[in-house]
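The lines below spell out each chain.
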Amino acid sequence: MVKWLGRPARLASLPVLVWFAGLAAFALIGIDGLFAGPNPVFVIARVTAYVTVVMVAAVTTAFAAAFGVACAAMLNWLGESLDPRQIVNAMGRSFWCLAAYVWLGVASLILDPPVALTVFEMSEPDALEARMRETKAFAWMGQFRYLALVGFLATAGWLLARRTTPLNALLAVLFASAALAALLTGLGLLAGPSVGP
């Protein structure tokens, strides 16, 4: 499919690959730092965490694709006829914001690596959450995730505006954002209320 889409799509895949690499590096440093040691408890924790990271990567990619489809649908409804390659290019290049965000997180983890949990701490329900709050990189990633998301949306809108009118690009981004928000809300309702004390 990338071959059919041509050179712009191949170039658009570069920031996605850079983001994937950054996410993998962040996971490797963070997970191995938190759950160090050969104890089976840590092995299970590491495997679970890596599976979670893979799921996050897959879901993020799927949402970016859905966002692009929603933008294309809105632009088509507005009478704009953008080539699918232009949509793919805009979505892919917008990943530079996410890539920069995750690589800054990697740099922060390298400068201030997490302190490994002990076996005794693993038995405490709040130990992992407390350790993540204490690690600057994890706290930083949590605080600035919405800034990275806004950067993605703004970049996508700017790139689309170069191929269509700024107003139509803005409407497409707003519609796609609302569609994804509705999708997330629907998925949350399907999952049902969380069970807790």
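Scroll up for the structure.
These figures come from a predicted structure and were not determined experimentally.

A. Structural context of the overall build of the protein. The secondary structure content of the protein amounts to 8 helices and 0 strands. For the protein, the succession of helices and strands along the chain, N to C, is α-α-α-α-α-α-α-α. Along the longest, intermediate and shortest principal axes, the C-alpha atoms of the protein span 60 × 40 × 30 Å. Buried residues in the protein amount to 35% of all 197 residues. Taking the contacts inside the protein whose residues are at least 6 apart along the sequence as the reference set, 78% of them involve residues at least 24 apart. By element, 73% of the accessible surface of the protein is carried by carbon and sulfur atoms, the whole surface being about 11800 Å². Side chains of the protein carry 12 positive and 9 negative charges; the gap between the two charge centres is 18 Å.

B. Inspection of the side chain of Asn 168 at higher detail. Considering the arrangement of structural elements, one finds Asn 168 in helix 8 (residues 166-191). Apart from residues lying up to four places away in sequence, Asn 168 is in contact with Leu 75, Leu 78 and Glu 80.

C. Up close: the nonpolar core. Trp 19, Phe 26, Phe 35, Phe 67, Met 91 and Leu 160 are the most contacted members of the largest nonpolar core, which totals 44 residues. Among the secondary structure elements, those contributing two or more residues to this core are helix 2 (7-34), helix 3 (40-77), helix 4 (84-111), helix 7 (136-161) and helix 8. Once residues within four sequence positions are removed from consideration, Met 91 is found in contact with Ala 64, Phe 67, Gly 68, Cys 71, Phe 152, Ala 156 and Leu 160.

Conventions and cut-offs
Residues numbered from 1 in each chain as written. Predicted model: local features only at pLDDT ≥ 70, side-chain atom pairs only at ≥ 80, totals over all residues. Heavy atoms only, no water. Helix = DSSP H or I, 4+ residues; strand = E, 2+ residues; numbered from the N terminus. Buried < 20%, exposed > 50% of the residue type's maximum accessible area, 1.4 Å probe, protein only. Contact = heavy atoms within 4.5 Å. Areas by Shrake-Rupley, 256 points an atom, 1.4 Å probe, with all protein chains shown as cover. Lys, Arg positive; Asp, Glu negative; His and termini not counted. Charge placed at Lys NZ, Arg CZ, Asp CG, Glu CD. Core = buried A, V, L, I, M, F, W, Y, C linked by side-chain atoms within 4.5 Å.

By themselves, these observations are geometric and do not establish any function.
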